[in-house]
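A structural walkthrough
So you can see what is in the structure, the chains are spelled out below.
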Protein chains: 2
Amino acid sequence: MPLWTDIAAEIADFRRRIRDLPVIPDATPDSLRAELEPRYRFDRPIDLETLTADVMRLLRTQQVHVTHPRYFGLFNPQVREAGIVADTLAALYNAQLAVWSHSPAANEMERLALRALAVRIGYDPDGMLAQFTSGGAEANLCSALCALASRFPTWAEEGVAALGTRPAIYVSTESHHSFVKLAKMTGLGTASVREAPVRADLKLDPSALEQFIEADRAAGWSPLLIVGTAGTTAAGIVDPLPELAAVAKRTGAWFHADAAWGGGALMSDRLRPHLEGIALADSVTWDAHKWLSVPMGGGMFFCRHPEAVKRAFTTVHTYMPVPTGDTVDNFQTTPQWSRRTTGLKVFMSLAELGVEGYGKLVDHQADMGALLRTKLVDAGWTLVADTPLPVVCFTHPDIEAGRVSIDEVIRRVYANRQTWISPVLLGSDRRRALRACITSYETEPRDLDALIEELTNGLRPKD
Amino acid sequence: MPLWTDIAAEIADFRRRIRDLPVIPDATPDSLRAELEPRYRFDRPIDLETLTADVMRLLRTQQVHVTHPRYFGLFNPQVREAGIVADTLAALYNAQLAVWSHSPAANEMERLALRALAVRIGYDPDGMLAQFTSGGAEANLCSALCALASRFPTWAEEGVAALGTRPAIYVSTESHHSFVKLAKMTGLGTASVREAPVRADLKLDPSALEQFIEADRAAGWSPLLIVGTAGTTAAGIVDPLPELAAVAKRTGAWFHADAAWGGGALMSDRLRPHLEGIALADSVTWDAHKWLSVPMGGGMFFCRHPEAVKRAFTTVHTYMPVPTGDTVDNFQTTPQWSRRTTGLKVFMSLAELGVEGYGKLVDHQADMGALLRTKLVDAGWTLVADTPLPVVCFTHPDIEAGRVSIDEVIRRVYANRQTWISPVLLGSDRRRALRACITSYETEPRDLDALIEELTNGLRPKD
């Protein structure tokens, strides 16, 4: 089996030596196309071993390595080997998870993983319905659809035009913009996304939100959904979930917690209190492919109202197998129809580590975030947001004084290809800052030192 | 590397010996849970090699094997090894395809595959926009969203309530019910799905459809979308695409071709003429994880109107990297945000086989379908639908005479666990029949003989 021997060697070597690779590639669209187009015309067969070697080389050399310990990026993790194994097995057996009866084992392994994670949220695993999704965008979409299905008995058949009111989705300026996308997709329109300003600490202000909702109500809106973010994309901020749950209760809105990334903190007994109140949410988004360190494509949606989920997604059909006893047929409870076992990697990672082992990984990343804050301050940088989670937003007196711009710093950092960070806009006044997130459980203090060295170089005025 | 040595051995052994395995498992929810729950409490770590061995055993023994040459099922294929390799590499490097700049190589490989497949549709690869989706349901969803974005300039902001008309989606009774699901999700409501009756040959009747649309228009509907199915789920029927395109043009509707499975026929020069007219469609759904024999999770959406796609999905954002030259940032052109490289398996399968090699696989499956028809007739069965594609619907004089029911036949076939077929309802009068589809490129005449033997046993009255 030379093919899989080669692949096994690459898996071991790439994972062992990734720290020595550049984080950032040097490809341009033109250079890559000039290389690939003549070779891949699909007009003749290519031996699978030759092809595999070429694809491995291309992926090793021509991507931002999100699995690198010095990728301080957008919640894309280093992955556990258990997740790679699981994705291989998912492809090999090609389990079909539309219905339970086609894939009993894969369905039950997914179910066990989802129940264990529901317990970490604080949900009763027997009183909720959870599903894997393509990602957080689809899970957030589910929240709006379940809210519509729950609040409006005529929605499924007559659509949003016949609701007799104009439903509103309340987010903060720091919420993920997938809510803007889903507002289009659900036919509510982007005008229905009501963006509430955040306080100086970048958190939604519950009493200001409640006033906003009441003013909106007078203008013809009715509150459908309140979104609390547990770990914002820009700065890792956790909205005040218990207070938002109370506002949702008083205003009659569905309360959704978007913990796409921050959900990972629930695995740590030390960090979990920072997400207090998440169990009060009607539904929760949690992406395993972010802080649970599994490969891309492990979104999750948890809902305390199984009947709303079923109303949102159930369709009649004539050709699908009939349901099996006390089981869930996934095509009736998610936007998807056919699906591979995307949750197998979550099951295998959880089984390999155990809950406690996962907690240690998460704690380590939070520790590295805290250490990065200390090192930045020691090196003369200024922190601009505060969170117990490992996202660090910062600036520098030279930037604030206009001696160098954030774009210049980032351009110089990227040019060295040794680390990846990003610019962000923070808060209601759109303050610009630099952002570094600990996305690899293998990031060590020496990687933080390398980042600070790159940043310091980035500050130097042009020659 | 004993872990990957074990996995490589399982890959080779499972693929070589699958014909000797039962197609259907014997698990029940209770039996599986009693086995799994005590072992997987996630309260202690489990060695990855031990865990992997257990997961391989579970998946080998406890699922309907859709990759089996005697699985005559629901468009879930045997997979090419290139697809398994690709899914392993996608997990290893964890390429993030939200934006081009993060994964230049993976983005460009996907682009090449999509352009080559667009050419098979008959689209100009420079004048279209194509994207990978989670599956056909998401691709079909894209068709409705692009139609809305294209027809109604106010839709994105104001939603469907402000359109000033009631948009209708025209499907046939044989179309896939993902259109019912997406009618809910888009806020159009299931009442907007206007189901036109089919002719005796199970095809949409263009002139009857046009009359239906005109009658609907008088009742306040306006035609948004006409769906032509190129390979229906139940019987593999291809709707008259050129005539439906003409109806769409005359009525002002968007014309969508749902070739989720049938698109595979485009790879064969011999079968491709049966999908004549597909290039006239405004958009096309085509699932690589059906007849292109890649693992689950390779849906595709092709659209001749790039601007409509962008209008449907573009969102403002503050934290995503900026676009790179003449490239597509996937999160701006699909319902998803983050995404793994689900298209790598399509690229690698296409590169390994070449277009001609793919055509041979597809032709072989069509040949096996034709042979199954002959063998069924020779064995006394009655064919009840006609298609050049390898889906076969049939019944038997004993069934028609009431001596045995379709459910009894299927129950007896399943009890032997040697093959999987399904019951279907066909046509506007919902006639029941049995259905067998050639879903593996490795199905041979001996597998057809085995199916017929099982069916003949299934006819025998109870002891």
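Residues numbered from 1 in each chain as written. Chains lettered and ligands numbered in written order. Predicted model: local features only at pLDDT ≥ 70, side-chain atom pairs only at ≥ 80, totals over all residues. Heavy atoms only, no water.

**Here we look at the overall build of chain A**
- Tallying secondary structure elements over chain A gives 15 helices and 11 strands in all.
- The globule rule puts the C-alpha radius of gyration for 463 residues at 23 Å, and the 23 Å found for chain A is close to it.
- Taking the principal axes of the C-alpha coordinates as reference, chain A spans close to 65 × 60 × 45 Å.
- Burial analysis of chain A (463 residues in total) assigns 68% to the buried set.
- Restricting the contact set of chain A to residue pairs at least 6 apart, pairs at least 24 apart contribute 73%.
- About 14700 Å² of surface is accessible on chain A, with carbon and sulfur atoms providing 52% of the total. (Helix = DSSP H or I, 4+ residues; strand = E, 2+ residues; numbered from the N terminus. Rg over C-alpha atoms; globule rule 2.2 N^0.38 Å. Buried < 20%, exposed > 50% of the residue type's maximum accessible area, 1.4 Å probe, protein only. Contact = heavy atoms within 4.5 Å. Areas by Shrake-Rupley, 256 points an atom, 1.4 Å probe, with all protein chains shown as cover.)

**Overview of the domain arrangement of chain A**
- Structurally, chain A comprises domain 1 (2–69) and domain 2 (87–349).
- Computed from C-alpha atoms alone, the centre-to-centre distance between domain 1 of chain A and domain 2 of chain A is 35 Å. (Domains from an automatic or database assignment.)

**Quick word on the nonpolar core**
- Core analysis: the biggest nonpolar cluster contains 220 residues, and F302, F347 and M348 of chain A together with F302, F347 and M348 of chain B have the highest contact counts within it.
- With near-sequence residues (within four places) excluded, M348 of chain A lies in contact with A82, V85, A86 and L89 of chain A together with L48, L51, T52 and V55 of chain B.
- Counting residues in each nonpolar core, the second largest holds 66 residues, with C146 of chain A together with A149, V171 and A312 of chain B among its members. (Core = buried A, V, L, I, M, F, W, Y, C linked by side-chain atoms within 4.5 Å.)

**Concerning the sheet that holds strand β1 (residues 129–133) of chain A**
All names here are of chain A.
- Taking strand neighbours across the sheet as the criterion, the 7 strands line up as β1-β7-β6-β5-β4-β2-β3 in an open arrangement whose pairing is mixed. Every other strand in the sheet has two partners, leaving β1 and β3 (193–196) as the edge strands with one partner each. Pairwise comparison of adjacent strand axes, ignoring direction, gives a mean angle of 20 degrees for this sheet.
- Bridging between strand β2 (residues 166–172) and β3 involves 4 bridges; their strand directions are parallel. Within β3, the residue paired with Y170 across the bridge is R194.
- Contacting β1, β2, β4 (221–229), β5 (254–258), β6 (283–287) and β7 (299–303), helix α6 (residues 136–151) runs over the sheet at an angle of about 170 degrees to β5. (Pairing = 2+ DSSP bridges. Axes fitted to C-alpha atoms, helices over the stretch in contact; angles between N-to-C directions.)

**Observations concerning the state of the cysteines**
- The final tally for this structure, using the stated rule, is 0 disulfides over all chains.
- The closest cysteine sulfur to the non-disulfide-bonded C146 of chain A is located on C303 of chain A, 4.7 Å from its own sulfur.
- C437 of chain B supplies the cysteine sulfur nearest to C393 of chain B, a cysteine that is in no disulfide, at a spacing of 9.4 Å.
- Classification of C393 of chain B as buried rests on a relative accessible area of 1%. (Disulfide = S-S within 2.5 Å.)

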